[in-house]
Amino acid sequence: MSVSKEIRKVTTNTLQKMKVAGEKISMLTAYDYSFAKIFDQAGIDVILVGDSASNVMAGYETTLPITLEHMIYHASSVIRGVNRCLVVVDLPFGSYQSNSEIALASAIRIMKETGAHAIKLEGGEEEIDCVKRIVSAGIPVMGHLGLTPQSIYKFGTYNVRAKEEAEANKLKKDAKLLEEAGCFGIVLEKIPALLAKEVSESLIIPTIGIGAGNHCNGQVLVMHDMLGINTEFKPRFLRKYLNAFEQVSGAVQQYISDVKTGDFPNEGESY
Ligand code: KIV
């Protein structure tokens, strides 16, 4: 039986029940009211207001420039579009790394000013104090391990992470620490499928994979990538469900032509 089909509102408890029942969790990013409404009505379990907004909405090269104010704007727009799904919001770079007090203040702003249901932050052992402090204030926290784009200048590339034993061992330890600190789930980004399987099986809480194989308890993709809006990004893990760039471009070209030829508006489209 499907856990999520019986549910009117998805909560962190629902995700836990889905893991126990062996039902995969579907998660997509969204950044505005209109797409959030489509995704929610289509039945998505979780919307992530990702700091990937920095790339796909604002056109920056990395996720580093986006601010807490920008994230609050995106998240509050998303929240107005949804009824059923759980909405998780990324704490942006610089809004939590300094200390746990600042992290809590940032998380509180997100919850208070957007109406979102949970926050996500990147990192393991280094961020455990932040996670504990935020969780103890009653705010659900999702972790994020593996390729953590806020650390891109430390890594130097967007290549697969944790291929070597030492990094894989650290990731396994970090995952356990995040679970013990109270995280309700962990995103595993761009790591070997076997490692993701081992981590997923070792945890009670669900894992959500992106480029982490098929053994995670759920999957997430960036909406602009899976809808084919962003045409330059073609990693192996991405499956495209639409060629929106071409289709939207075709519709706009048709509109331009109809305006130029005087075909639009016709009599039925006039008062
Ligand atoms: O910001 C984002 O979109 C993310 C996903 C890639 C997991 O963190």
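Because the structure is a prediction, the values reported are computed rather than measured. (Residues numbered from 1 in each chain as written. Predicted model: local features only at pLDDT ≥ 70, side-chain atom pairs only at ≥ 80, totals over all residues. Heavy atoms only, no water.)

## A look at the domain arrangement of the protein chain
As a reminder, the rule being used: For the domain bounds, the source is a domain assignment made automatically or taken from a database.
Examined at the domain level, the protein chain breaks down into domain 1 (3-240) and domain 2 (246-271). On a C-alpha basis, the centres of domain 1 and domain 2 stand 40 Å from each other.

## A look at the site of the ligand
Spelled out, the test is: A molecule or strand has a residue near it when one of that residue's heavy atoms lies within 4 Å. What qualifies as a polar contact is a pair of N or O atoms within 3.5 Å, subject to a donor-acceptor requirement within protein and to the restriction that residues adjacent in sequence count only when both atoms come from side chains. Per-residue accessibility takes into account occlusion by the displayed protein chains alone, with areas from the Shrake-Rupley method and a 1.4 Å probe. Points on a 1 Å grid over protein atoms alone make up a cavity when a 1.4 Å probe fits among them but cannot get out, and a pocket when they form an open set with protein on both sides within 12 Å along at least five of seven lines; lining residues each have an atom within 4 Å of a point. The way we define it, a molecule is inside a pocket or cavity when more than half of its atoms are within 2 Å of that pocket's grid points. When residue character is reported, Ala, Val, Leu, Ile, Met, Phe, Trp, Tyr, Cys and Pro are called nonpolar, Asp, Glu, Lys and Arg charged, and the others, Gly included, polar.
Near the ligand lie 13 residues; those nearest to it are Gly50, Asp51, Ser52, Asp90 and Lys120. Asp51 is positioned with one of its side-chain polar atoms (N or O) 2.9 Å from an oxygen atom of the ligand. Within the side chain of Lys120, an N or O atom sits 2.9 Å from an oxygen atom of the ligand. Contact with the protein chains covers 95% of the free accessible surface of the ligand, which is 260 Å². When each cavity is represented as a set of grid points, the ligand is found to reside in the largest pocket. Class assignment for the residues of the shell around the ligand results in five nonpolar, four polar and four charged.

## Quick look at the pairing of strand S6 (residues 185-189)
Our working rule: Only protein chains enter the accessibility calculation, which uses a 1.4 Å probe. A residue is then buried if its area is under 20% of the maximum for its type, exposed if over 50%, and partly exposed in between. The numbering of helices and of strands both runs from the N terminus, where a helix is a DSSP run of H or I of at least 4 residues and a strand a run of E of at least 2. In short, DSSP must find at least two bridges between two strands for them to pair. Here a crossover is taken to be right-handed if, once the strands point away from the viewer, the path from the first strand over the helix to the second is traced clockwise.
Counting buried positions along S6 yields five of five residues, so the element is predominantly enclosed. Here S6 shows two buried faces, one formed by Gly185, Val187 and Glu189 and the other by Ile186 and Leu188. Relative to S6, strand S5 (residues 141-146) is paired through five bridges, and the arrangement is parallel. Residue His144 lies in a different strand from S6, and its bridge partner there is Val187. One ladder, built from four bridges, connects S6 with strand S7 (residues 207-210); its direction is parallel. Paired with Ile186 across the strands is Thr207, a residue of S7. Handedness of the crossover joining S6 and S7 through helix H9 (residues 193-202): right-handed.

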